[in-house]
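# Examining the three-dimensional arrangement
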Amino acid sequence: MTPSFSLPPEAAEPHLHVARRTLERLRTVPGLAPRYADHGEPLTLDQVAALPPLLKDDLNVALAHLEPRSEQTATWIFQSGGSTGAPKVGHAPTGFYMAGVHAHWQPLDHDDVFVNAWGAGRMWGAHFLAAALADLSGCRIIAVGSVTADEYPGWLAFLAARRVTAIGGTPSVLRLWFAHARAAGLKLPALRKVLWLGEAWQPQLEEDMAAVAPDARRWGMFGSTETWVVGTNTPDCPDDTFHPLPEQLVHVGPDDRLDFTTLNPEMLNPVLRYRTGDAGRLVACPCGRPGRAMQVLGRQDSVVQVRGLGLDVAEVVARAEREPGVSRAQVLITHQGGRVGTVEVLLLADRGATVDIERLRRELLSATFTLSTAFQHDPQSFQVRQVDGLISNDRTGKTATFVVREES
Ligand SMILES: [Zn+2]
């Protein structure tokens, strides 16, 4: 039988008191308590698997009620999904659980000069999480954050002069750094390590890396603002395969849906069978490291990554279809050079109806947190268009909620 948990019972079950405490907290949330009424305290992995899964909205409901606080440190409030309206929040103590990551994964060492290129601010967690890891490694840190298009040449020259050995960011952002360096004919010969988190790896990155920093290798983390870092990989692992941390219990449910249960008593978010929307399976990693690794097969829900943020396309479509005169809507995402260039909402109007396209566009842009943030510097890259027909798959005849196109 294929194992459905990342840890064997003898490794996980002694730590299930954390899951029992999380269950106790969830039972105090009025909106969630009834669903746990028929479930006893989980003492075994089978009993964990029998608990109802938590979805993102459930976790938001729980956090709004629980408002968790760290006993030992400050409590940081970060963006946690939720693509419309105000940001939904997740909580973490100072340190962001990175000591547990560092115990098993040390891509950085004391001699590194590390560029933290994850954006800081706007309640994004990744920059601070990476800073905590770098802090534990004792390396030198250059906290650059996000930069605008015309700032790349100046920063790249500075980084080359500083002989940086490591850089970290989301793959979309890393592509911009390497593409700008390559276009300028600039090399980062000392660069050895490229840390990434937040999106799937983009194989096209390797081409630019080979030209700019031939000795650089990728080091990946997998996680979310709700679970924090779940697993990590090394240059010897496939880019979609991660080794889960022992304090993260990964479960593969029906339809390959992954859910996550924290075994870390310090965890503030009540993560108990939490589904991120990712699909995956447990495999033996070709790197040879023993234990069960998690291969991520992609997302199964309607959330797609737009410039490092989750966009719930079903919500956008539902909102557009509530507009008078609109019969159907579809989201078209166009990638340019591997990055999301534009997002368009295509509208099929009722016969003879006129739709106030520009007003709907402004409304969607201002009401959709991911869109307003991702297109802050180029709002014209988000458009609403009336069309004669939506885009269908010629093979299946299906018209999907969203379509992704690649433009070179
Ligand atoms: Zn591996």
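What you are looking at is a predicted structure, and each value in this text was computed from that prediction instead of being measured. (Residues numbered from 1 in each chain as written. Predicted model: local features only at pLDDT ≥ 70, side-chain atom pairs only at ≥ 80, totals over all residues.)

### Observations regarding the environment of Glu406
Tracing the chain through its elements places Glu406 in strand S19 (residues 402–407). In this structure, the C-alpha to C-alpha distance between Glu406 and Ala74, residues 332 residues apart in sequence, is 43 Å. (Helix = DSSP H or I, 4+ residues; strand = E, 2+ residues; numbered from the N terminus.)

### Considerations on the packing of helix H9 (residues 171–183) against helix H10 (residues 204–212)
Running from N to C, H9 and H10 cross one another at 40°; their axes reach a closest spacing of 9 Å. Considered as vectors, H9 and H10 are oriented oblique to each other. The interaxial crossing formed by H9 with H10 has left-handed handedness. Counting all contacts with H9, which are made through Pro171, Leu174, Arg175, Phe178, Ala179, Ala181 and Arg182, the residues of H10 involved are Leu205, Asp208, Met209, Ala211 and Val212. Here the residues of the contact of H9 with H10 sort into nine nonpolar, no polar and three charged. (Axes fitted to C-alpha atoms, helices over the stretch in contact; angles between N-to-C directions. Parallel < 35°, antiparallel > 145°, perpendicular 65-115°, else oblique. Left-handed = near helix turned anticlockwise from the far one by under 90°. Contact = placed C-beta atoms within 7 Å. Nonpolar A, V, L, I, M, F, W, Y, C, P; charged D, E, K, R; others polar.)

### Description of H9
Residues lying three or four places apart along an α-helix face the same way, a consequence of the helix completing one turn every 3.6 residues. Spanning 13 residues, H9 covers 18 Å between terminal C-alpha atoms, matching the ideal 18 Å at 1.5 Å per step. Along its buried surface, H9 packs onto helix H8 (152–161), strand S5 (166–169), strand S6 (193–196), H10 and strand S17 (339–349). Positive phi appears at Gly185, one or two residues downstream of H9, with a value of about 70°. (Expected span 1.5 Å × (residues − 1).)

### Digging into the pairing of S19
Little of S19 is tucked away, with zero of its six residues classed as buried. Bridging between strand S16 (residues 326–336) and S19 involves six bridges; their strand directions are parallel. Paired with Gln336 across the strands is Glu407, a residue of S19. (Buried ≥ 20, exposed ≤ 12 C-beta atoms within 10 Å, placed from the backbone. Pairing = 2+ DSSP bridges.)

### Things to note about the sheet that holds strand S18 (residues 382–386)
Pairing is mixed in the open sheet, where four strands are placed in the order S18-S17-S16-S19. Strands at the two margins of the open sheet, each flanked by one partner only, are S18 and S19. Across the sheet, the axes of successive neighbouring strands diverge by a mean angle of 25°, strand direction being ignored.

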